[in-house]
Amino acid sequence: MKRLRITSHLILFILVILANGSAQTAPRRVIIDTDPGVDDAMAILLALNSPELKVEALTVVPGNVEASQGLENALKLVSLAGRCDVLVAGGAQHPLNQKLITAQFWHGKNGLAGVDLPAPKCKADARFGPDLIIEMVHKYPHKITLIPVGPLTNIALAVSKDPGIALLVKDIVIMGGSITGGNVDGAAEANIYNDPEAAQIVFNAGWMVTMIGSDVGERTLITRKDVTQLQASHRPESDFIGKLADFYLTRSEKSGYQGAAMYDPLAVGVVIDPTLVTLKNMHVDVETKGEFTRGETVANRMGYDENNVLHGDHYEIEDLVALKPNARVCVASDADRFVRLFVDRISGQ
């Protein structure tokens, strides 16, 4: 009888260990909010080919292309991957407070480098993208990671409608912003520039934003050598990504780059493996009014503002006002290791 009790306890102990191990290795539930252009497609297919992630949904926002084209592109991408289990929903049709600026210059007429994918087999979900985000965050509290890789319009609409989701998401990892100058002008990065008001809402929603900026993306490059490796694997997804990357590289090289910036894929990569980047806590605000700086992500790297107090006809610095960080800002990446991860996953290795 005593031996039976010991055996029972041992079995129970083993079952607990196995259960804990399974919980630790369970894939992270993610929602990718996207304006499907070239690097968005790379990011989506990286996520769909990574066992660390369970892509619950794609929500589509206008940005690189108009909303209707973006929705079609998203449906074609999940169809290419054979993943009609992933929900795809349209969202906002335009930015909150300005006209849309599309980027076919960088992404081709259809947003996918002019590559014609077959008509999608997957169907769009009827729900409004921001509502779907709210619904899924409540369905899986503290388990959903949001990965917005386009303008932040949908995320701003969701958190404005239901501010409580800011406390219920596991993490929010955005591709957007920069702390060393922009890629649309001297100050602003494209995703933030396309809806600064939405970005300001998102950065001040009460959660900790992980910000993967264009400045680090531009130091994380895919090269001709990497594209050759992709093309050698002869899989439908790698063949497609190879064509996109070739177009993207040609455009980037004409603009003076040595390779193509892996903006959106790096944001997905950080969710797969946070050790790929170095993050620093900062307080980030978004400039919405500046003549030359609209859309700039203004990052306070010191953690305080000086407090200037009027004394007679002038101000004096009396003390320092501490600022609460609202963002983990990416300041560096292990570029080689990330690109190897990307190529291996898309190649099916």
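What comes next concerns the included structure. (Residues numbered from 1 in each chain as written. Predicted model: local features only at pLDDT ≥ 70, side-chain atom pairs only at ≥ 80, totals over all residues. Heavy atoms only, no water.)

**Describing the pattern of salt bridges**
Here's step 1: All chains considered together, the criterion is met by 14 salt bridges.
Here's step 2: In this structure, Arg 345 and Glu 52 form a salt bridge, with 2.8 Å as the shortest nitrogen-oxygen distance. Placement of the pair is Arg 345 in helix H13 (residues 335–346) and Glu 52 in the loop between helix H2 (38–48) and strand E2 (53–60), with a sequence separation of 293 residues.
Here's step 3: Residues Asp 131 and Lys 161 are paired through a salt bridge, measuring 2.8 Å at the closest nitrogen-oxygen approach. Of the two residues, Asp 131 is situated in helix H5 (residues 129–139) and Lys 161 in helix H6 (residues 153–161); the sequence distance between them amounts to 30 residues.
Here's step 4: Judged by relative accessible area, Asp 131 falls into the partly exposed class, the value being 28%.
Here's step 5: For Lys 161, a relative accessible area of 57% translates into the label exposed. (Salt bridge = Lys/Arg side-chain N within 4 Å of Asp/Glu carboxyl O. Helix = DSSP H or I, 4+ residues; strand = E, 2+ residues; numbered from the N terminus. Buried < 20%, exposed > 50% of the residue type's maximum accessible area, 1.4 Å probe, protein only.)

**Quick notes on the sheet that holds E2**
Here's step 1: Pairing is mixed in the open sheet, where nine strands are placed in the order E3-E2-E1-E4-E5-E6-E13-E9-E10. The sheet terminates laterally at strand E3 (87–90) and strand E10 (297–300), the two strands that pair on one side only. Looking at each pair of strands side by side, their axes are set apart by 30 degrees on average, direction ignored.
Here's step 2: One ladder, built from six bridges, connects strand E9 (residues 277–286) with strand E13 (residues 327–333); its direction is antiparallel. Note on E13: the bridge partner recorded for Thr 278 is Ala 332. (Pairing = 2+ DSSP bridges. Axes fitted to C-alpha atoms, helices over the stretch in contact; angles between N-to-C directions.)

**Some points on the pairing of strand E6 (residues 209–212)**
Here's step 1: Alternating residues of E6 divide into Val 209 and Met 211 and Thr 210 and Ile 212, and every residue in both groups is buried.
Here's step 2: As paired strands, strand E5 (residues 171–175) and E6 are joined by four bridges and run parallel to one another. Bridge pairing links Ile 172 to Val 209 in E6.
Here's step 3: Strand direction decides the pairing type here: E6 and E13, joined by three bridges, are parallel. From the neighbouring strand, Val 209 faces E13, where its bridge partner is Ala 327.

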